[in-house]
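# Chains, contacts and geometry: an overview
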Amino acid sequence: MGFFEYLGRNYDLVLIELLNHIKIIAIAIPIAIGIGVPIGIVVSRSKRASSVALYGAGILMTIPSLALFGYMVVLLAPLKAGIGVTPAVIALVIYSFLPVIRNTVVAVNSVDPRMIEAARGMGMTNWQILFRVRLPLTIPIIMAGVRNAAVMGVSVATIAYLIGARGLGYFIFSGLGRSNFNMVLLGALVVSILGIGTNYGLLALEEIITPRGLKIEREK
């Protein structure tokens with residue numbers, strides 16, 4: 001059976017597993033952003049705190065993905081949640097912390113101090129400065145971290161198939177087990193396309209949410 005014949009016969013299964021794969025990422029990345037960005041904002045005020053946070057996130061990211069999934073299975077087993085989407089989502093959130101926190105810290109600290117002083121001179125509070133000055137100016141840098149986390153999540157989520165989370169890893173690992181290289185090729189191609197699509201989709205989102213004045217400045 002040729003590759004395209006195999007694809008035609010299994011089109012429905014490809015779509016199902018693609019949606020399962022996207023579901024894992026769509027749950028994990030917003031959680032990572034919701035936790036990582038506030039952490040990055042808070043620790044950016046202290047060089048020591050930011051160093052500790054980045055060091056901790058870096059240690060978590062150095063854990064091999066398969067080992068981290070194994071830890072999640074063992075830790076969540078008493079809660080009867082050790083198999084499936086839950087451990088996969090938690091593992092992806094942990095892996096996403098480093099790029100999200102790191103880029104947030106860099107972004108917040110990269111704002112021109114003169115702009116902050118000008119905002120204070122206008123009578124803005126710290127919260128107003130954060131939401132009206134710092135965050136709008138740092139969107140491109142923060143989004144770069146989000147893109148890194150999301151694209152990395154696309155590949156790491158493939159391994160989640162081994163702990164019952166389903167997804168596109170089915171084609172790769174089942175194909176290897178059956179020596180069916182059409183399955184392996186199909187899984188690899190769809191994962192690659194999903195990763196590229198995720199990157200460009202987030203670039204489009206960045207373009208939408210970036211303030212117009214900042215776009216003009218970048219174009220110059």
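Residues numbered from 1 in each chain as written. Predicted model: local features only at pLDDT ≥ 70, side-chain atom pairs only at ≥ 80, totals over all residues. Heavy atoms only, no water.

For the rest of this paragraph, the subject is the overall build of the protein chain. On a plain count of helices and strands, the protein chain comes out with 10 helices and zero strands. Listing the helices and strands of the protein chain from first to last along the sequence gives α-α-α-α-α-α-α-α-α-α. Dimensions of the protein chain, computed from C-alpha atoms along their principal axes, come out at roughly 70 × 45 × 25 Å. By the burial criterion, 45% of the 220 residues in the protein chain qualify as buried. Here the protein chain has roughly 12,100 Å² of accessible surface; of this, 67% comes from carbon and sulfur atoms. Across the protein chain, the centroid of the 18 positively charged side chains sits 9 Å from that of the 9 negatively charged ones. (Helix = DSSP H or I, 4+ residues; strand = E, 2+ residues; numbered from the N terminus. Buried < 20%, exposed > 50% of the residue type's maximum accessible area, 1.4 Å probe, protein only. Areas by Shrake-Rupley, 256 points an atom, 1.4 Å probe, with all protein chains shown as cover. Lys, Arg positive; Asp, Glu negative; His and termini not counted. Charge placed at Lys NZ, Arg CZ, Asp CG, Glu CD.)

The nonpolar side chains of a soluble globular protein tend to be buried, and buried together. Counting 55 residues, the largest nonpolar core has Ile 24, Phe 69, Ala 88, Phe 171 and Leu 186 as the members making the most contacts within it. Those elements that provide at least two residues to this core are α1 (3-9), α2 (11-43), α3 (47-62), α4 (65-76), α5 (85-109), α7 (126-159), α8 (169-178) and α9 (181-209). Considering every element that reaches this core, the biggest residue donor is α5, with 14 residues. Ignoring any residue separated from it by four or fewer positions in sequence, one finds Leu 186 in contact with Phe 3, Tyr 6, Leu 7, Val 14 and Phe 171. The next biggest cluster of nonpolar side chains, apart from the first, holds six residues, and it includes Val 111, Met 124, Ile 129 and Val 133. (Core = buried A, V, L, I, M, F, W, Y, C linked by side-chain atoms within 4.5 Å. Contact = heavy atoms within 4.5 Å.)

Moving on, we get to a nonpolar patch on the surface. On the surface, Tyr 11, Leu 15, Leu 19 and Ile 22 cluster together into a nonpolar patch covering about 390 Å² of accessible area. Tracing the chain through its elements places Leu 15 in helix α2. On the basis of relative accessible area, Leu 15 is assigned to the partly exposed category, the value being 40%. (Patch = residues over 30% accessible without salt bridge, like charges linked within 9 Å, V, L, I, M, F, W, Y side chains within 5 Å. Salt bridge = Lys/Arg side-chain N within 4 Å of Asp/Glu carboxyl O.)

Phi is positive for Lys 80, which is not a glycine, with a value near 60 degrees. Position of Lys 80 among the secondary structure elements: in the loop between α4 and α5. The backbone of Ser 179 sits at a positive phi, close to 55 degrees, despite the residue not being glycine. With respect to the helices and strands, the residue Ser 179 is situated in the loop between α8 and α9. For Ser 179, a relative accessible area of 52% translates into the label exposed.

In this section: the packing of helix α6 (residues 113-121) against α7. The N-to-C vectors of α6 and α7 enclose an angle of 145 degrees; their axes lie 10 Å apart at closest approach. The two elements α6 and α7 meet at a crossing, and its hand is right-handed. In this structure, α6 uses Met 115, Ile 116, Ala 119 and Arg 120 to contact α7, whose residues at the interface are Asn 126, Ile 129, Val 133, Arg 134 and Leu 137. Here the residues of the contact of α6 with α7 are counted per class, giving six nonpolar, one polar and two charged. (Axes fitted to C-alpha atoms, helices over the stretch in contact; angles between N-to-C directions. Left-handed = near helix turned anticlockwise from the far one by under 90°. Nonpolar A, V, L, I, M, F, W, Y, C, P; charged D, E, K, R; others polar.)

Running from amino to carboxyl end, α8 crosses α9 at an angle of 160 degrees, the nearest separation of the two axes being 7 Å. With respect to each other, α8 and α9 are oriented roughly antiparallel. Crossing of α8 against α9: the hand is left-handed. On the side of α8, the interface is formed by Tyr 170, Phe 171, Ile 172, Ser 174, Gly 175, Leu 176 and Arg 178, while α9 contributes Met 183, Val 184, Leu 186, Gly 187 and Ala 188. By residue class, the composition of the contact of α8 with α9 is eight nonpolar, three polar and one charged. (Parallel < 35°, antiparallel > 145°, perpendicular 65-115°, else oblique.)

Quick look at α3 now. Between its terminal C-alpha atoms α3 stretches 22 Å, which fits the 22 Å expected from 16 residues at 1.5 Å a residue. Of the residues making up α3, those classed as buried are Ser 50, Ala 53, Ala 57 and Gly 58. In an axial view of α3, the angular spread of the buried residues amounts to 135 degrees, which keeps them on one side of the axis. Within α3, the exposed residues directed more than 90 degrees away from the buried face are Arg 48, Val 52, Tyr 55 and Thr 62. (Expected span 1.5 Å × (residues − 1). Arc of directions from axis to C-beta.)

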